[in-house]
Amino acid sequence: MPENQTETAPKKGYVYIAGAGPGDPELLTMKAHRVLRDADVILYDDLVSPDLVEQYPGEKIYTGKRKDSHHFEQDEINQEIVRHALRGRTVVRLKGGDPFIFGRGGEEISTLRQHGIGYEIIPGITAAHGASAYTEIPLTMRKVSSSVAFCTGHPVNKIQVPDTDTIVYYMVASSVHDVLDMVAAKGRSGSTKVAVVQHATRYNQQVFTGTLDEFRSRERAVYSPALLIIGDNIAQFIESSWYSKKKKVLMAGGESRRYGDAGYVRIPFPCRKSATADLEAVKACMEGLDDYSMLFFQNKSSVKYFFKYLFEHGRDVRHLAPMSICTPSQAAAAELATYGIIPDFCLESHSWAGLSGLLCKEGIENEQVLLPFTGNVDEAMVGELRDAGNKVTPLGVFVHAPQQEEASIDLAFIDEIYFASPGCVRNFRAMYTSIPERIILTPADDRTAEEMRKQFGR
Ligand code: SAH
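These notes cover the structure that comes with them. Everything quoted here is computed from the prediction, not taken from an experiment. (Residues numbered from 1 in each chain as written. Predicted model: local features only at pLDDT ≥ 70, side-chain atom pairs only at ≥ 80, totals over all residues. Heavy atoms only, no water.)

Once that is clear, we can look at the overall build of the protein. When helices and strands are counted, the protein shows 15 helices and 20 strands. A compact globule built from 458 residues would reach a C-alpha radius of gyration of about 23 Å, whereas the protein, at 29 Å, exceeds it by more than 25%. Sorting the 458 residues of the protein into buried and exposed places 46% on the buried side. Sequence-distant contacts in the protein: of pairs separated by 6 or more residues, those separated by 24 or more amount to 63%. Taken as a whole, the protein presents about 23,300 Å² of accessible surface, with 50% of it coming from carbon and sulfur. Looking at charge distribution, the protein has the averaged site of its 51 positive side-chain charges lying 6 Å from that of its 59 negative ones. (Helix = DSSP H or I, 4+ residues; strand = E, 2+ residues; numbered from the N terminus. Rg over C-alpha atoms; globule rule 2.2 N^0.38 Å. Buried < 20%, exposed > 50% of the residue type's maximum accessible area, 1.4 Å probe, protein only. Contact = heavy atoms within 4.5 Å. Areas by Shrake-Rupley, 256 points an atom, 1.4 Å probe, with all protein chains shown as cover. Lys, Arg positive; Asp, Glu negative; His and termini not counted. Charge placed at Lys NZ, Arg CZ, Asp CG, Glu CD.)

Take a look at the structure:
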């Protein structure tokens, strides 16, 4: 191939099909961590914790089945991986547990092979291994169990009962009884030991044990996500496993060294307000810039974010030429200079009260003002602009919204909550109206303690 063709040929990206492990974020392999750090795009599933992927800078695409998001079929996921890879990007396809244990990794690599896209597979700790370690139920054990099989409980017509000492069933959310009936029908004794491990390796791990007969007569039929383990190795199970003895501490808004020792499970809970923008409003403004005669930047960061969206909507400084540009902030003026803009008016004023005088002095009236802001809009400033006879449209380009993940943590499993700041206490209060008395509350400092008393009365 001639040299110039090599240069222009689009470079194909690379795909890592990686396992995220069963839940505890520390069970991710170092290799998966490394490729996640360098990934341009991360496509992740239901069983992968969003907190885990949040740590990495790449674009995150959720491909699971949450109610509020688009439901991806496997074909669509395959196409999505290919689409990003063909654009030359490094893609990590991150799956719960191990990609090759009921993970459909096999289907994904055959699509990659068809498209000639390079890939690697990074194994993960499968749920059965996580559950076994965190419940102290060995999957094999001398004299008790010398063979183990991993099976699926879904679909029901595919349930198999292999002749191994231990059987682990995946995907039994609603088919526990079907599986147990099949196991009994295969002739296993009613006294065979059974365990269901729900949320293995997570802070809310729960283990239910009994015999085959007992489980078959229990009413409860749905456990999710859960594994069903069958075999006499379960006799090893003790209620006080090493994992159940650890104190589960919710780290609301930040980490603290005081929970560094082995006695704790630290559960990150960002509790921060997430930064967003009303993207619909931003889009409408970017498409209707002609409707405005003045851009008024509230502060430096409003300049930064305004331009980010301007460029994202395929526009540049030339589209702002008909508008006059104004700011009350020197720092914003300096930021504007980095985009090659000298503001028409830099209304430097030491107090907002002085702004109306400056507006009058500069003759700023009857303007259609677009006012990009970050954080909270300065109502006093908007008021003064309006009083001077201008029409003002505030546009939040980076605003704080309370975390949406309402009450996603089940406090029934929590022993202690550490609050990193007063703001975290307030955000937590917005999500949970009360905290059970038995949970210890630990503030980071005096101000946080005061807010805790105000919000929770203790
Ligand atoms: N590739 C995954 C399995 C995906 S199939 C792995 O290797 O673990 C999905 C099933 O895995 C669930 O229905 C459940 O049976 C099991 N599973 C995944 N994570 C689990 C967890 N933390 N606790 C219990 N079961 C889990």
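We are not done yet, so read on.
Right, let's talk about the sheet that holds strand E4 (residues 90-95) for a bit. Read from one edge to the other, the open sheet built from five strands follows the order E3-E2-E4-E1-E5, with strand pairing classed as parallel. Each edge of the open sheet is held by one strand with a lone partner, namely strand E3 (59-62) and strand E5 (118-122). Strand-to-strand, the axes of this sheet are offset by a mean angle of 20 degrees, without reference to chain direction. Across the face of the sheet, helix H5 (residues 105-114) comes into contact with strand E1 (14-19), E4 and E5 while running at roughly 175 degrees to E1. (Pairing = 2+ DSSP bridges. Axes fitted to C-alpha atoms, helices over the stretch in contact; angles between N-to-C directions.)

Where helix H9 (residues 279-287) contacts helix H10 (residues 300-312), the axes come no closer than 10 Å and their chain directions differ by 70 degrees. By the criterion of interaxial angle, the relationship of H9 to H10 is roughly perpendicular. Between H9 and H10, the residues in contact are Leu279, Val282 and Met286 and Phe306, Tyr309 and Leu310, respectively. For the contact of H9 with H10, the class distribution of residues is six nonpolar, no polar and no charged. (Parallel < 35°, antiparallel > 145°, perpendicular 65-115°, else oblique. Nonpolar A, V, L, I, M, F, W, Y, C, P; charged D, E, K, R; others polar.)

Here the focus is unusual backbone geometry. At the junction of histidine 154 and proline 155, the peptide bond is cis and its omega measures out at -5 degrees in the coordinates. Within the fold, proline 155 resides in the loop between strand E6 (148-152) and strand E7 (166-170). Of note in this structure, phenylalanine 102 is not a glycine but carries a positive phi near 45 degrees. Secondary-structure assignment places phenylalanine 102 in the loop between E4 and H5. Here the phi dihedral of glutamate 136 falls at roughly 60 degrees; this positive angle occurs in a residue that is not glycine. Tracing the backbone shows glutamate 136 in the loop between helix H6 (127-135) and E6.

Applying the stated criterion across every chain, the model contains one cavity of 30 Å³ or more. Lining the largest cavity we find Ala20, Gly21, Gly23, Asp24, Pro25, Leu47, Val48, Ser49 and Leu52. Taken together, the residues that form the lining of the largest cavity break down as five nonpolar, three polar and one charged. (1 Å grid on protein atoms, 1.4 Å probe; cavity = no way out; pocket = protein on both sides within 12 Å on 5 of 7 lines; lining within 4 Å. Points joined across faces, edges and corners; volume = space filled by probe spheres on them.)

Time to look at the layout of surface pockets. In this structure, the second largest pocket occupies an estimated 1,300 Å³ of space. Taken together, 41 residues make up the lining of the second largest pocket; nearest its centre are Asp46, Leu47, Lys65, Phe102 and Met171.

All right, on to the nonpolar core then. Formed by 25 residues in total, the largest nonpolar core has its most connected members in Ile417, Phe419 and Phe428. Secondary structure elements with two or more residues in this core: strand E11 (247-252), strand E12 (264-269), strand E19 (416-419), helix H14 (422-431) and helix H15 (446-456). A per-element tally of this core places H14 first, with four residues. Judged by nonpolar contacts, the second largest core, of 23 residues, contains Val282, Met286, Leu289 and Leu370. (Core = buried A, V, L, I, M, F, W, Y, C linked by side-chain atoms within 4.5 Å.)

With that settled, consider H6. Because an α-helix completes one turn every 3.6 residues, residues spaced three or four positions apart along the sequence face the same direction. Here H6 has its buried residues at Ala128, Gly130, Ala131, Ser132, Tyr134 and Thr135. Against the buried residues of H6 lie E6, E7, strand E8 (193-198), strand E9 (206-211) and strand E10 (226-230). Among the residues trailing H6, glutamate 136 stands out with phi positive, at a value near 60 degrees.

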